[in-house]
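Here is what each chain is made of, one letter per residue.
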Amino acid sequence: MLVSMKEILVRASKENYAVPAPNVMSEMDARAMLEAAEEMNAPIIIDVGYSANPDILMFGSYLTKLCEDASVPVAINLDHGGAFAEAIMAIKAGFTSIMVDRSTLPYEENVKEVKELVKVAHSIGVSVEAELGHVGQGEQYDVDRDAALTDPAQAKQYIEDTGIDCLAVAIGTAHGAYVGTPYLDFDRLAEIKKVVGADFPLVLHGGSGTGEEALGKVSKMGINKINIANDLFKAATIGIEEAKLSGNGYYTVYDVAKQSEKDTIKKYLEIFGTKGKAWKVERAAKKAVETTNIEK
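So, here's what we can say about the structure. (Residues numbered from 1 in each chain as written. Predicted model: local features only at pLDDT ≥ 70, side-chain atom pairs only at ≥ 80, totals over all residues. Heavy atoms only, no water.)

Some words on the packing of helix H2 (residues 27-39) against helix H3 (residues 56-68)
Now for step 1: Running from amino to carboxyl end, H2 crosses H3 at an angle of 15°, the nearest separation of the two axes being 11 Å. In this view, H2 runs roughly parallel relative to H3, as classed from their interaxial angle. In the packing of H2 onto H3, the handedness of the crossing is right-handed. Across the interface between the two elements, Glu27, Ala30, Arg31 and Leu34 from H2 touch Phe59, Tyr62, Leu63, Leu66 and Cys67 from H3.
Now for step 2: Among the residues making up the contact of H2 with H3, the classes are represented as seven nonpolar, no polar and two charged. (Axes fitted to C-alpha atoms, helices over the stretch in contact; angles between N-to-C directions. Helix = DSSP H or I, 4+ residues; strand = E, 2+ residues; numbered from the N terminus. Parallel < 35°, antiparallel > 145°, perpendicular 65-115°, else oblique. Left-handed = near helix turned anticlockwise from the far one by under 90°. Contact = heavy atoms within 4.5 Å. Nonpolar A, V, L, I, M, F, W, Y, C, P; charged D, E, K, R; others polar.)

Notes on the sheet that holds strand E1 (residues 19-22)
By definition, the strands of a sheet pair up through backbone hydrogen bonds, in either a parallel or an antiparallel sense.
Now for step 1: Taken in spatial order, the eight strands of this open sheet run E1-E8-E7-E6-E5-E4-E3-E2, and their pairing is parallel. With one partner strand each, in any of the chains shown, E1 and strand E2 (44-49) form the two edges of the open sheet. Between one strand axis and the next, the sheet turns through 25° on average, direction left out of account.
Now for step 2: Judged from the three bridges that link them, strand E6 (residues 166-169) and strand E7 (residues 202-204) form a sheet pairing that is parallel. In the sheet register, Leu167 faces E7, and the bridge partner there is Leu202. (Pairing = 2+ DSSP bridges.)

Points about the side chain of Ser4
Now for step 1: Its place among the elements puts Ser4 in the segment before helix H1 (5-15).
Now for step 2: Within the structure, Ser4 has its side chain in polar contact with the backbone nitrogen of Glu7 (distance 3.2 Å).
Now for step 3: Not counting residues up to four positions away in its chain, the partners in contact with Ser4 are Ala75, Thr96, Gly125 and Ser127. (Polar contact = N/O pair within 3.5 Å; in protein donor to acceptor, adjacent residues only side chain to side chain.)

Given below as structure tokens:
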């Protein structure tokens, strides 16, 4: 069942759990994530990078069909949306959410560009995620970790200024594989949650490699969406290596990779408290994103 990301995250916030947002690169990845969610009776968010597929409209055509046919609530989110045109293409492709990433810009520019796309997205029922502070790269964790952590005092104002549906925060995670040991600022997270309010959904980028204990903890502290990518790619690679495929092994390599990714995301559905949290959507799947009057 294809729904808006806002619908998934509002429930997660109220019931205090997190929803995995795995990055998918292909139909194989998407099927693995959806099957895992169905087996765990859990909602899930499918994250897609704009460059993950050479034709996002083609990718969206079958990705939205897969999600519409799923027996659990699913949202499709554009991860780290860059140019304005990328966000529009994702919406055209059927995504029910976009991330407008302007986290490297000065505050006023960040707000201006995010607010512009919020107006467009909300006019047709699409959710918007944005980032305050900046989550850097794992390979330069010693530099990026403290470079742009989210200022709790600024978070509420940013939400009011932009009108976003969920906020990605920088509390010590990083994208990709870590060089060094990650350590999260739980006190900062608690303060951010206190400032923005218990019912406003927060997002954590860079979940891979952060550690099960830390991710389980933030899932109970107000983080409601956790992005996972590198752990899935690593699991698929290790699974293929351990299978020691040869000869006609090419025919089964996708099955091995898919199962490895599926097992990994099921583990996170348990850790984040998402298992068993699916609900019945009382409307036709194709009407999950309803068109509203576009503001003139």
